[in-house]
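# Results of the structural survey
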Amino acid sequence: MEAIILAGGFGTRLRPFTYTRAKSLLPILNKPMISYLIDSLPEEVDKVILAVNYRKNQIERYFRENDFGKEIIVNDEPKPLGTGGAVKFAEKHITGRFLVLNSDIICSLHLDDMVKFHIENNAVSTISLWPVENVSEFGVADVEDNGNIVGFVEKPKPEDAPSDFINAGAYLLEPEILDYIETDRLISMEKEIFPQIISDTERFFGFKFDGYWMDIGRISSYLDVHRFLIRKNKMENYLGRNCEIHGDLKDCCIGDNVYIGSNSKLNSTIVYDNARIEDSAVLNNCVVGENCKIGSHSNLKDSVFGDNETIADDSIMNKEVVWTQPVPEGYPKKQIGNVIGE
Ligand code: GDD
Ligand code: MG
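## Focus on the overall build of the chain
Scanning the chain from terminus to terminus reveals seven helices and 29 strands. Across the 342 residues in the chain, those meeting the buried criterion constitute 56%. Taking contacts inside the chain between residues at least 6 apart in sequence as the whole, the part at least 24 apart equals 54%. Surface accessibility of the chain: about 15,300 Å² in total, with carbon and sulfur atoms responsible for 45%. Charge separation in the chain, taken as the distance between the mean sites of 36 positive and 54 negative side-chain charges, equals 4 Å.

## Observations concerning the state of the cysteines
Tallied over the entire structure, the rule returns zero disulfides. With no disulfide of its own, Cys107 lies closest to Cys253 among cysteine sulfurs, the gap being 20 Å. Cys286 supplies the cysteine sulfur nearest to Cys292, a cysteine that is in no disulfide, at a spacing of 11 Å. Residue Cys292 is classed as buried on the basis of its relative accessible area, which comes to 1%.

## Remarks on the sheet that holds strand 22 (residues 282-284)
If you trace the five strands from one edge of the open sheet to the other, you get 16-19-22-25-28, paired in parallel fashion. Whereas interior strands pair on both sides, the edge strands pair on one side only; in this sheet they are strand 16 (248-250) and strand 28 (316-318). Going across the sheet, the axis of each strand differs from the next one's by a mean of 5°, ignoring polarity. The pairing of strand 22 with strand 25 (residues 299-301) spans three bridges and is parallel. Within the sheet, the bridge partner assigned to Val282 lies in strand 25 and is Asn299.

## Details of the pairing of strand 8 (residues 125-131)
Put simply, side chains in a regular strand alternate between the two faces of the sheet. For strand 8, the tally of buried residues reaches six of seven residues, placing the bulk of the element in the interior. Of the strand pairs in this sheet, strand 8 and strand 11 (residues 165-173) are connected by six bridges, and their pairing is antiparallel. Residue Thr126 lies in a different strand from strand 11, and its bridge partner there is Leu172. Both strand 8 and strand 12 (residues 204-208) contribute to a ladder of five bridges, which runs parallel. Opposite Leu129, over in strand 12, you have Lys208 as the bridge partner.

## Section: the site of ligand 1
In the region of ligand 1, 30 residues are neighbours, and Gly8, Glu77, Glu154, Lys155 and Glu190 sit closest. Between ligand 1 and Ala51, the relevant distance is 2.9 Å, taken from a nitrogen atom to a main-chain nitrogen or oxygen of the residue. In the environment of ligand 1, an oxygen atom lies 2.6 Å from a nitrogen or oxygen atom belonging to the side chain of Glu190. In isolation ligand 1 offers 730 Å² of accessible surface; the protein chains occlude 98% of this area. For the shell around ligand 1, the per-class residue count stands at 10 nonpolar, 12 polar and eight charged.

## What about the pattern of salt bridges?
In the structure shown here, the tally under the stated rule is 19 salt bridges. Where Arg21 meets Glu290, a salt bridge forms, and the shortest distance between an N and an O atom there is 3.2 Å. In this pair, Arg21 sits in the loop between helix 1 (17-20) and strand 2 (27-28) while Glu290 sits in the loop between strand 23 (287-288) and strand 24 (293-294), placing the two residues 269 residues apart along the sequence. By relative accessible area, which is 9% here, Arg21 ends up buried.

Cut-off values and rules
- Positions within a chain are numbered from 1, following the residues in the order the chain's sequence is written.
- Naming scheme: in the order in which they are written, chains are lettered from A and ligands are numbered from 1.
- Only residues with pLDDT of at least 70 are given local features in this predicted model, and only at 80 or more are side-chain atom pairs given and counted; all residues enter the totals for whole chains, interfaces and linings.
- With hydrogens and water set aside, each side-chain value is computed from the structure's full complement of heavy atoms.
- Only DSSP runs of H or I reaching four residues or more are called helices, and only runs of E reaching two or more are called strands; each is numbered from the N terminus.
- Classification of residues uses two cut-offs on accessible area relative to the type maximum, computed with a 1.4 Å probe and protein chains only: under 20% is buried, over 50% is exposed, and between them is partly exposed.
- We call two residues in contact whenever any of their non-hydrogen atoms come within 4.5 Å of each other.
- Accessible surface is estimated by sampling points in the Shrake-Rupley manner with a 1.4 Å probe; for residues, cover comes only from the protein chains shown.
- Positive: Lys, Arg. Negative: Asp, Glu. His and the chain ends are not part of the count.
- Charged side chains are reduced to one point each, which is NZ for Lys, CZ for Arg, CG for Asp and CD for Glu.
- What counts as a disulfide here is a pair of cysteine sulfur atoms lying within 2.5 Å.
- For two strands to be treated as a pair, DSSP must find at least two bridges joining them.
- The angle between two axes is taken between their N-to-C directions and runs from 0 to 180 degrees, where each axis is a line fitted to C-alpha atoms and a helix contributes only its stretch in contact.
- For each residue, the test is whether any non-hydrogen atom lies within 4 Å of the molecule or strand; if one does, the residue is near.
- Nitrogen and oxygen atoms within 3.5 Å of one another constitute a polar contact, given that in protein one can donate a hydrogen and the other can accept it, and given that sequence-neighbouring residues count only through two side-chain atoms.
- The nonpolar class holds Ala, Val, Leu, Ile, Met, Phe, Trp, Tyr, Cys and Pro. Asp, Glu, Lys and Arg form the charged class, and all remaining residues, Gly among them, are polar.
- For this analysis, a salt bridge means a side-chain nitrogen from Lys or Arg found within 4 Å of a carboxyl oxygen belonging to Asp or Glu.

Following this line, the structure appears as structure tokens:
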């Protein structure tokens, strides 16, 4: 079976870290986010098609250097085609029923169970569903008790949401779904294709599951995922290799070759490789990019520091995004991916 991993898009809400890397390579507990997804694939998936565009060379390099025991195809879109367009662009590699997975999700979904559910229901399309309180940033399903989905709205206003069950970002599709998608056009699977399949086939199902589900759409959820996984693993912190740590840390993830000076206090903070944090710095809910230097006696809260930034001694910052280098050419000002016409 083939699995298409949607790993394109710019990850605009995760800038400045996505200025320098593909979103799917952002580290979670020091491992690229996409590696968790590949590890969760059922055994029957023997071919993985990576639907990529922005920073595709980084993704290609990562898979060249790391073997996951599956055939990996890097399917490079000449330009971002949206979630639907990316699936259509992978059509030449599809031989039967196939999976499509958003790459920015960490969850406890067992894809094997979803495959069984799909076959039992003779579905043409099954999507994973997860309940949330605030649905407005997601796709929302109008789902009946037997799992049949009778409506789907992407990013509705709260008053227009048909339920609390959101699209959790994993799809199992029969190949005929590909006939619904036009070629070479920016198409949103969620906005344009799902509603059409629902009205045409009445065999569109939702699979609910237990455990946890977290999307890594923005910096706050990126920090949340880390805190969650560190606690789930019953750890105080997650530390990389060759670190020199003299300060106090709680719920922090620290990359490789990091120096943290004495009397510094870090809480719920992610520090990437080769960063240096001087004495008596206090960081709460921050993400510190690769090779950053944080000056002594700094007090930093809810802030992010892109790769290679230097923060002066005694700096006080709250809710800042620090990025002093040029924004990469072609990087959009706002989200495009599956959001079209806004
Ligand atoms: N290849 C390719 N090309 N991939 C893309 C493109 C593109 O043009 N645009 C987005 N992607 C990838 C992203 O990298 C991500 O893995 C996935 O498609 C979904 O895009 P996002 O931009 O992250 O969408 P979202 O988070 O606003 O909403 C999606 O995820 C929610 C769950 O987290 C939708 O699928 C919602 O319905 C869903 O609830
Ligand atoms: Mg997303």
